[in-house]
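Close look at the chain arrangement
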There are 2 protein chains.
Amino acid sequence: MRISARTQYALGAMLALAASDRPVHAERIAVTQEIPRRFCDNILLQLRRAGLIHSQRGPDGGYWLARPAKEIALADVIRVTEGAEPVIRPFSPAAAPLTEIWSRLRNHENALLNEITLADVIAAEPLTDENGGPVARRSSRGAVAGESV
Amino acid sequence: MRISARTQYALGAMLALAASDRPVHAERIAVTQEIPRRFCDNILLQLRRAGLIHSQRGPDGGYWLARPAKEIALADVIRVTEGAEPVIRPFSPAAAPLTEIWSRLRNHENALLNEITLADVIAAEPLTDENGGPVARRSSRGAVAGESV
DNA sequence: CATTATCCCTACTTATTAAGTAGAGAAAGG
DNA sequence: CCTTTCTCTACTTAATAAGTAGGGATAATG
């Protein structure tokens, strides 16, 4: 389970947009999400090219989500910044049966990340994990996003 | 789901040892598992220091498992080569609820890899995945290692 | 139409991690 | 002792991630 800084930043940026009902400046996103200013531009550009967000230039410009927050899964964002996951191929015949195991892990991971949307994350109570309770709640797409750790 | 070459090599080496009832030379492991010769030494040393295998020097030397194959989980091997997984901490408050999600993914992954042993992998039918069938079978520790991809 | 705020784009640099290599030392056995 | 095999530390090289730079393009405003 490895998440690059870039991906974490991208998720933070998307959450910031999801939480706002109007366009948000890159500057503002960088500050609130603690993303290095230029790097933030860089990432937003990538998200826009992937079609996840829209943008407008000039004064009154900014970024906003291309679709409602409850229709954007975490996996949608992660796919953009992490790229396609490389298929793990065994080096030797003896290790071939491991392929099946990697596959199962990947599938489970994808299933979860495809279910949880930006809206789900925003709906989660902040800081409730302090006392071990649930953080994410019910998915607006049907999944349960919390419980049973 | 990222697996380094080092980890894949280590798993291949461990499977090679699990499949043999006597000590195996580093040389032989390197050849059969297609591991660069010196790198193989390097990895075997690490596995020995972690207590997963034993060794003997000189002619008639070699490596063998420190415990029965059914008592060595894949996670035991992966932990050695990948080191402790870094805790993912959110950069901003808005991203805090994601922590819970990373945690769930990690826990699921660990649960699976702790259940499946070297013995399970060896018992799996090789090449059955060619026709989409199961590869891993029942775990000698109770887990089911195949099905439902 | 000049000015300013904002996004747009390519390319570059730097830092970190992974992958692999080298060389000499130390035990076991004949 | 002489060969084989593991043991150890350290080094080099390759790949990826993280972050930076410098301008260009567009939109609003007075």
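Let us look at the structure shown here. (Residues numbered from 1 in each chain as written. Chains lettered and ligands numbered in written order. Predicted model: local features only at pLDDT ≥ 70, side-chain atom pairs only at ≥ 80, totals over all residues.)

1. Details of the protein's contact with DNA strand D
Put simply, the rule reads: The C-beta atom of each residue is placed using the backbone, and any residue whose C-beta lies within 6 Å of a molecule or strand is treated as near it. Classification used: nonpolar for Ala, Val, Leu, Ile, Met, Phe, Trp, Tyr, Cys and Pro, charged for Asp, Glu, Lys and Arg, polar for all others including Gly.
If you check the shell around DNA strand D, you find 25 residues, and the closest are A:Ser4, A:Ala5, A:Pro36, A:Gly58 and B:Ala26. For the surface near DNA strand D, the class distribution of residues is eight nonpolar, nine polar and eight charged.

2. Some details on the nonpolar core
Formally: To count as a nonpolar core, a set of buried Ala, Val, Leu, Ile, Met, Phe, Trp, Tyr and Cys residues must be joined through C-beta atoms within 7 Å. Every C-beta atom is placed from the backbone, and the number of other C-beta atoms within 10 Å of a residue's own sets its class: buried at 20 or more, exposed at 12 or fewer, partly exposed in between. We count a stretch as a helix when DSSP gives it H or I for four or more residues in a row; a strand needs E for two or more, and each element gets its number in order from the N terminus. Here the contact rule is simple: place C-beta atoms from the backbone, and any two residues whose C-beta atoms are within 7 Å are in contact.
A:Ala10, A:Ala13, A:Met14 and A:Leu15 are the most contacted members of the largest nonpolar core, which has 36 residues in total. Counting only elements with at least two residues in this core, the list comes to helix 1 (5-18), helix 2 (26-33), helix 3 (37-49), helix 4 (74-82) and helix 6 (118-123) of chain A together with helix 5 (98-115) of chain B. Top element by residues in this core is helix 1 of chain A. It accounts for nine residues. Contacts of A:Met14, omitting those with residues within four sequence positions, involve A:Ile72, A:Val77 and A:Leu118.

3. Topic: the relation of the copies chain B and chain A
Rules: A residue counts toward the fit only if its pLDDT is at least 70 in both copies, and the copies are then superposed by least squares on the C-alpha atoms of those residues.
After a rotation of 180° and a shift along the axis of 0.0 Å, chain B superposes on chain A with an RMSD of 0.0 Å. A rotation of that kind, with that shift, is consistent with a two-fold axis. Of every C-alpha in chain B, the one belonging to B:Met1 sits nearest the axis of rotation, 2.8 Å from it. When the interface residues of chain B are mapped onto chain A, 100% of them are again interface residues, pointing to one common binding face.

4. Structural notes on the interface of chain B and chain A
The partner chain A presents 45 residues to the 45 residues of chain B that form the contact. Here the side of chain B that touches chain A gets 13 residues from one element, more than from any other, and that element is helix 5 of chain B. Of the residues assigned to the side of chain B that touches chain A, the class counts are 27 nonpolar, ten polar and eight charged.

5. Let's talk about the protein's contact with DNA strand C
The environment of DNA strand C is made up of 26 residues, and the closest members are A:Ala26, B:Ser4, B:Ala5, B:Pro36 and B:Gly58. Counting only elements with at least two residues in the surface near DNA strand C, the list comes to helix 2, helix 3 and strand 2 (62-65) of chain A together with helix 1 (5-18) and helix 3 (37-49) of chain B. The dominant element in the surface near DNA strand C, judged by the number of residues it contributes, is helix 3 of chain A, at four residues. Within the surface near DNA strand C, the residues separate by chemical class into eight nonpolar, ten polar and eight charged.

6. Re the environment of B:Ala94
Examined against the element boundaries, B:Ala94 turns out to sit in the loop between helix 4 (74-82) and helix 5. Not counting residues within four places of it along the chain, the set of residues in contact with B:Ala94 comprises A:Gly12, A:Leu15, A:Ala16, A:Ala19 and A:Gln33.

7. Thoughts on the pairing of strand 1 (residues 53-56) of chain B
Residues and elements named next belong to chain B. Note the threshold: One bridge is not enough; two strands pair if DSSP finds at least two bridges between them.
Of the strand pairs in this sheet, strand 1 and strand 2 (residues 62-65) are connected by four bridges, and their pairing is antiparallel. When the bridges of strand 2 are listed, Gln56 appears paired with Gly62. Remark: five residues form the turn of the hairpin made by strand 1 and strand 2, two consecutive strands paired antiparallel; Gly58 in that turn has positive phi of roughly 80°.

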